[in-house]
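Chains, contacts and geometry: an overview
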Amino acid sequence: MGSIGGPSRDLLRHTVATLAYRGGKAVRGAPPSFAGYRVADGGRTPARILAHIGDLLDWAVSLAQGGRAWNDSAPLPWEEEVARFHAALERFDAVLAGDAPLGTSYEKLFQGPIADALTHIGQIAMLRRLAGAPIRGENYFKADISAGRLGADQAASRVEFD
């Protein structure tokens, strides 16, 4: 079990903020048709992937609180799913920022729901390019990312490139 506070908890909160920054960039400004874009028959649409990310974050909250609840949500309309993404990040961060001991280890939270969510954000970014609506590359090392900044109103990109 994770201890209260400390470097591991701080790093996990920064990782969640990184997910908000990168995820926010991947979903922001997508054209209306993007939510239903498919590369191939049977492939997940961006809306389905984003719904899955929301489910992963809800699962992370459950795990952090000592539960194991999983939900497989149907995708909402794109803008609602984007709002759900940011709200789920805020709920997860609130648990991490609290004083209660976590119901599982930092490592398990990272290797499970957080790493999976980061992978899926990369898929959405790749699908944006394939759909003809790419996001610009960025030197994320120079990005202004801080724990607790989880909404759609992320800091402006500092060093982007094509």
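Above this text sits the structure in question.
Right, let's walk through the structure included here. Going along each chain's sequence as written, the residues are numbered from 1 onward. Whole-chain, interface and lining totals are the exception, using all residues; otherwise, since this is a predicted model, local features are given only for residues with pLDDT of at least 70 and side-chain atom pairs are given and counted only at 80 or more. Side-chain calculation: all heavy atoms of the structure are included, whereas hydrogens and water are not.

1. Some points on the side chain of E81
Filter applied, for reference: Numbering of helices and strands starts at the N terminus; helices are DSSP runs of H or I of at least 4 residues and strands are runs of E of at least 2. Residue contacts follow a heavy-atom distance rule, with two residues in contact if any of their heavy atoms lie within 4.5 Å.
Counting through the fold element by element, E81 comes out in helix α3 (residues 78-97). Setting aside anything within four residues of it in sequence, one finds E81 in contact with A47, L50, A51, A74, P75 and L76.

2. A short note on the nonpolar core
Among soluble globular proteins, nonpolar side chains are generally buried collectively. For the record, the criterion: Throughout, nonpolar core names a set of buried Ala, Val, Leu, Ile, Met, Phe, Trp, Tyr and Cys residues whose side chains join them through atoms within 4.5 Å. The classification of residues rests on relative accessible area computed with a 1.4 Å probe and restricted to protein chains. Under 20% of the type maximum is buried, over 50% is exposed, and intermediate values are partly exposed.
Ranked by internal contacts, the top residues of the largest apolar core, which has 41 residues, are I53, W78 and F92. At the level of elements, α1 (6-27), α2 (46-64), α3 and α4 (106-130) are the ones that each hand at least two residues to this core. Per element, the largest residue contribution to this core is ten residues, and it comes from α2. When near neighbours in sequence (up to four residues on either side) are disregarded, F92 contacts V16, L57, A60, V61, A64, L109 and I114.

3. Observations concerning α2
As a reminder of what qualifies: What a helix is expected to span follows from its residue count: subtract one and scale by 1.5 Å.
Over its 19 residues, α2 extends 27 Å from the first C-alpha to the last, a length consistent with the 27 Å expected when each residue adds 1.5 Å. Remark: G66 follows α2 within two positions and exhibits a positive phi of approximately 90 degrees.

4. Focus: the pattern of salt bridges
As a reminder of what qualifies: We count a salt bridge whenever a side-chain nitrogen from Lys or Arg sits within 4 Å of a carboxyl oxygen from Asp or Glu.
In total, this model carries twelve salt bridges according to the counting rule given. Note that R48 is salt-bridged to D72, the shortest N-O span being 2.4 Å. In this pair, R48 is assigned in helix α2 and D72 in the loop between α2 and α3, connecting sequence segments 24 residues apart. The exposure class of D72 is exposed, given its relative accessible area of 53%. Each of K25, R136, E138, E160 and D162 takes part in a single network of salt bridges with overlapping partners.

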